[in-house]
Amino acid sequence: MSVVAIADPRATTRPSAVAGRWMLGFLGFPIGGLLAMATVGSIDSSASALVGGAITGLVLGTAQSLASPALPRMRWVVATTMGLSVGLAIGANAVDFATSTGALAWQGAICGAVIGLAQAVVLARFTRIGSGRALSWIPLLAGSWALGWTITASAGVDVERQYTVFGASGALAVTALTVVLPLAVRRRPITTEV
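Residues numbered from 1 in each chain as written. Predicted model: local features only at pLDDT ≥ 70, side-chain atom pairs only at ≥ 80, totals over all residues. Heavy atoms only, no water.

Caption draft 1: Seen up close, a nonpolar patch on the surface. Together, L50, V51, V86 and I90 make up an exposed nonpolar region whose accessible area comes to about 300 Å². With respect to the helices, strands and loops of the structure, V86 is situated in helix α4 (residues 73-94). Taking relative accessible area as the criterion, V86 reaches 40% and is therefore assigned partly exposed. (Patch = residues over 30% accessible without salt bridge, like charges linked within 9 Å, V, L, I, M, F, W, Y side chains within 5 Å. Areas by Shrake-Rupley, 256 points an atom, 1.4 Å probe, with all protein chains shown as cover. Salt bridge = Lys/Arg side-chain N within 4 Å of Asp/Glu carboxyl O. Helix = DSSP H or I, 4+ residues; strand = E, 2+ residues; numbered from the N terminus. Buried < 20%, exposed > 50% of the residue type's maximum accessible area, 1.4 Å probe, protein only.)

This is the structure in structure tokens:
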């Protein structure tokens, strides 16, 4: 009996190609945010945060799962949708829906941590990265989302309109900081006995 490694085509993709594809997924942020704004308007209540966060999360989760084929697509979309919905409601309420740079950074940290927790469960259970590495996703996302809001507020975006998510400049930064995810979940060759 011999052991044969069967290459998963996604495992042989160059890291630069994986990272480039993930960077395109940043479009989920502005598209989801604009769709939420058109649907629910400003995030000025728990209800608008829950619904707007769910809309943005659905678009973002879909964009990220398409950008990284190694992610379990439906589970990732559900986790991102639920995480952003609940996280935005908790974060926006925690800062009383304020839009100062500091308030948005705290809202982003809270929202990012909740999304990170939901996504970490998926990563731990349905990918090969392991529980310890999956848990490190929570603080990374919390810090990234705080930075995303800080960049957006500092760039002069009209944050007083109470968007569900930061602007394109913040989204690019967050996507670049989180590019470690698709690199970590790339599937490795599967060994099988012949």
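Caption draft 2: Up close: the pattern of salt bridges. The full count for this structure, using the stated rule, is one salt bridge. The salt bridge partner of D158 is R161, with a shortest N-O separation of 3.9 Å.

Caption draft 3: Looking closely at the packing of aromatic side chains. For the structure shown, the criterion picks out four aromatic pairs. Measuring from centroid to centroid gives 5.8 Å for W149 and F166, while their planes differ by 80°, and the two rings are edge-to-face. Remark: F166 occurs in the loop between α7 (137-154) and α8 (168-177) and W149 occurs in helix α7; sequence separation between them is 17 residues. Classification of F166 as buried rests on a relative accessible area of 2%. An aromatic cluster is built from F29, W145, W149 and F166, whose rings are joined through pairwise contacts. Directly above the aromatic system of F126 lies the positively charged group of R75, at a separation of 3.9 Å from the ring centroid. (Phe/Tyr/Trp six-rings, centres within 6.5 Å; stacked < 30°, edge-to-face > 60°. Lys NZ or Arg CZ within 6 Å of the ring centre and 35° of its normal.)

Caption draft 4: Main features of the environment of G25. The topology assignment puts G25 in the loop between α1 (15-24) and α2 (28-40). The exposure class assigned to G25 is buried, which follows from its relative accessible area of 8%. The sequence separation of G25 and L172 amounts to 147 residues, and the corresponding C-alpha distance is 9.4 Å. Excluding its chain neighbours within four sequence positions, the residues that come into contact with G25 are L60, A63 and A67. (Contact = heavy atoms within 4.5 Å.)

Caption draft 5: Just the packing of α4 against helix α5 (residues 101-126), in detail. α5 packs onto α4 with a crossing angle of 155° between their chain directions and a minimal axis gap of 7 Å. Classified by the angle between their axes, α4 and α5 sit roughly antiparallel to one another. Where α4 crosses over α5, the handedness of that crossing is right-handed. Of the residues contributing to the contact of α4 with α5, the split by class is 16 nonpolar, six polar and one charged. (Axes fitted to C-alpha atoms, helices over the stretch in contact; angles between N-to-C directions. Parallel < 35°, antiparallel > 145°, perpendicular 65-115°, else oblique. Left-handed = near helix turned anticlockwise from the far one by under 90°. Nonpolar A, V, L, I, M, F, W, Y, C, P; charged D, E, K, R; others polar.)

Function cannot be read off these values alone, since they describe shape.
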